[in-house]
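# Architecture at a glance
One letter stands for each residue in the lines below.
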Amino acid sequence: NAGVTQTPKFQVLKTGQSMTLQCAQDMNHNSMYWYRQDPGMGLRLIYYSASEGTTDKGEVPNGYNVSRLNKREFSLRLESAAPSQTSVYFCASSELAPGAYEQYFGPGTRLTVT
Amino acid sequence: AQSVTQPDIHITVSEGASLELRCNYSYGATPYLFWYVQSPGQGLQLLLKYFSGDTLVQGIKGFEAEFKRSQSSFNLRKPSVHWSDAAEYFCAVFSGYSTLTFGKGTMLLVSP
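Residues numbered from 1 in each chain as written. Chains lettered and ligands numbered in written order. Predicted model: local features only at pLDDT ≥ 70, side-chain atom pairs only at ≥ 80, totals over all residues. Heavy atoms only, no water.

Quick look at the overall build of chain B now. Each helix and strand in chain B was counted, giving zero helices and 12 strands. When the helices and strands of chain B are listed from N to C terminus, the series reads β-β-β-β-β-β-β-β-β-β-β-β. Computed over its C-alpha atoms, the radius of gyration of chain B comes to 13 Å, within 12% of the 13 Å expected for a compact globule of 112 residues. The dimensions of chain B, computed from C-alpha atoms along their principal axes, are 40 × 30 × 20 Å. Buried residues in chain B amount to 46% of all 112 residues. In chain B, once contacts between residues fewer than 6 apart in sequence are set aside, the share between residues at least 24 apart is 52%. Accessible surface for chain B amounts to roughly 5400 Å². Of this, 50% is attributable to carbon and sulfur atoms. The centroid of the 8 positive side-chain charges in chain B is displaced by 6 Å from the centroid of its 8 negative side-chain charges. (Helix = DSSP H or I, 4+ residues; strand = E, 2+ residues; numbered from the N terminus. Rg over C-alpha atoms; globule rule 2.2 N^0.38 Å. Buried < 20%, exposed > 50% of the residue type's maximum accessible area, 1.4 Å probe, protein only. Contact = heavy atoms within 4.5 Å. Areas by Shrake-Rupley, 256 points an atom, 1.4 Å probe, with all protein chains shown as cover. Lys, Arg positive; Asp, Glu negative; His and termini not counted. Charge placed at Lys NZ, Arg CZ, Asp CG, Glu CD.)

The structure is reproduced here in structure tokens:
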């Protein structure tokens, strides 16, 4: 099994450009998550989807939108990139069932906005 | 609200020495607790989890953690550290809704 996959692995954008980060999981998990990781800040939740058809804001949603395309796929869109969005982005998924609340992470996308 | 504190930002351990990474949580009910490891340039990998039962849980790569309710702690231990254990370690608690709350992480450096 591939687990959680993310594309692209690296991306450089100019300020104001848009892009979509793709995430897919093959574990038949109910929930999916987008995080950003910055030095000294740990992991911060951007958006999540507790189940197919629902999305909710996390700690730092401003400047981002998400789409839960189906049970497998959860995309993150930057409509107008800003240098403050330079970060490493991680997607994760979880079965979100009693005894199975752990999340499984993808390899990350390193985004630089100039 | 739930929170996780990892008091040590960096820890240096000699190869072969024992390791203990500290984690304190704040949560009203019985917590579901996790430890993750992140190697440079990689995503987070689950080391172990606690959700009920035996308070000493075993994980992958020779790690274990002990849940102590009286101290609100879930410390990670390893008897003998290898150079390949150098990484960043994150403790997390289930929020009770749909999300995990992570600590800020502890960077482990292993000296020869």
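This paragraph deals with the interface of chain B and chain A. Taken together, the contact pairs 20 residues of chain B with 21 residues of chain A. Both faces combined, the contact of chain B with chain A buries some 1600 Å², and carbon together with sulfur accounts for 64% of it. When the buried area of chain B at its contact with chain A is split by residue, Leu44, Ser98 and Phe102 of chain B rank highest and sum to 28% of it. Along the contact surface separating chain B from chain A lie one salt bridge. (Buried area = accessible area lost by both parts, 1.4 Å probe. Salt bridge = Lys/Arg side-chain N within 4 Å of Asp/Glu carboxyl O.)

This part covers the state of the cysteines. Residues and elements named next belong to chain A. What the rule picks out here adds up to two disulfides over all chains. With a sulfur-sulfur separation of 1.8 Å, cysteine 23 is cross-linked through a disulfide to cysteine 91. Residues cysteine 23 and cysteine 91 share a disulfide whose torsion about the S-S bond is about -75°; that sign makes it left-handed. Of the two residues, cysteine 23 is situated in strand E3 (residues 19–25) and cysteine 91 in strand E9 (residues 87–94); the sequence distance between them amounts to 68 residues. (Disulfide = S-S within 2.5 Å.)

This next bit is on the pattern of salt bridges. All names here are of chain B. Enumeration according to the criterion identifies eight salt bridges over all chains in this entry. A salt bridge links aspartate 8 to arginine 22, with the shortest nitrogen-to-oxygen separation between them at 3.0 Å. On the criterion of sequence distance, the pair formed by aspartate 8 in the loop between strand E1 (3–5) and strand E2 (10–14) and arginine 22 in the loop between strand E3 (19–21) and strand E4 (24–26) is long-range, its members being 14 residues apart. The exposure class of aspartate 8 is buried, given its relative accessible area of 19%.

Bringing unusual backbone geometry into the picture now. All names here are of chain A. For the bond from threonine 7 to proline 8, the omega torsion is -5°, close enough to zero to count as cis. Relative to the helices and strands, proline 8 is located in the loop between strand E1 (4–7) and strand E2 (10–13). The backbone of asparagine 28 sits at a positive phi, close to 60°, despite the residue not being glycine. Note that asparagine 28 resides in the loop between E3 and strand E4 (31–38).

Attention now moves to the environment of asparagine 70 of chain A. Residues and elements named next belong to chain A. Locating asparagine 70 in the fold gives a position in the loop between strand E7 (64–68) and strand E8 (74–78). For the pair asparagine 70 and alanine 24, spaced 46 residues apart in the sequence, the C-alpha separation amounts to 9.5 Å. A distance of 2.7 Å separates the side chain of asparagine 70 from the side chain of glutamate 73, its partner in a polar contact. (Polar contact = N/O pair within 3.5 Å; in protein donor to acceptor, adjacent residues only side chain to side chain.)

Now for the pairing of E7 of chain A. By the alternation rule, side chains of E7 of chain A split into Tyr64, Val66 and Arg68 of chain A, which are all buried, and Asn65 and Ser67 of chain A, of which none is buried. Here E7 of chain A folds back onto E8 of chain A in antiparallel fashion, the turn holding five residues. (Pairing = 2+ DSSP bridges.)

Residue and element names in this part refer to chain A. Pairing is antiparallel across the open sheet formed by four strands, whose spatial order is E1-E3-E8-E7. Taken across any chain shown, the strands that pair with only one partner, and hence form the sheet edges, are E1 and E7. For this sheet, the mean angle separating the axes of adjacent strands, direction not counted, is 20°. Direction of pairing for E1 relative to E3: antiparallel, over a ladder of four bridges. Along E3, the bridge assignment pairs threonine 7 with glutamine 22. (Axes fitted to C-alpha atoms, helices over the stretch in contact; angles between N-to-C directions.)

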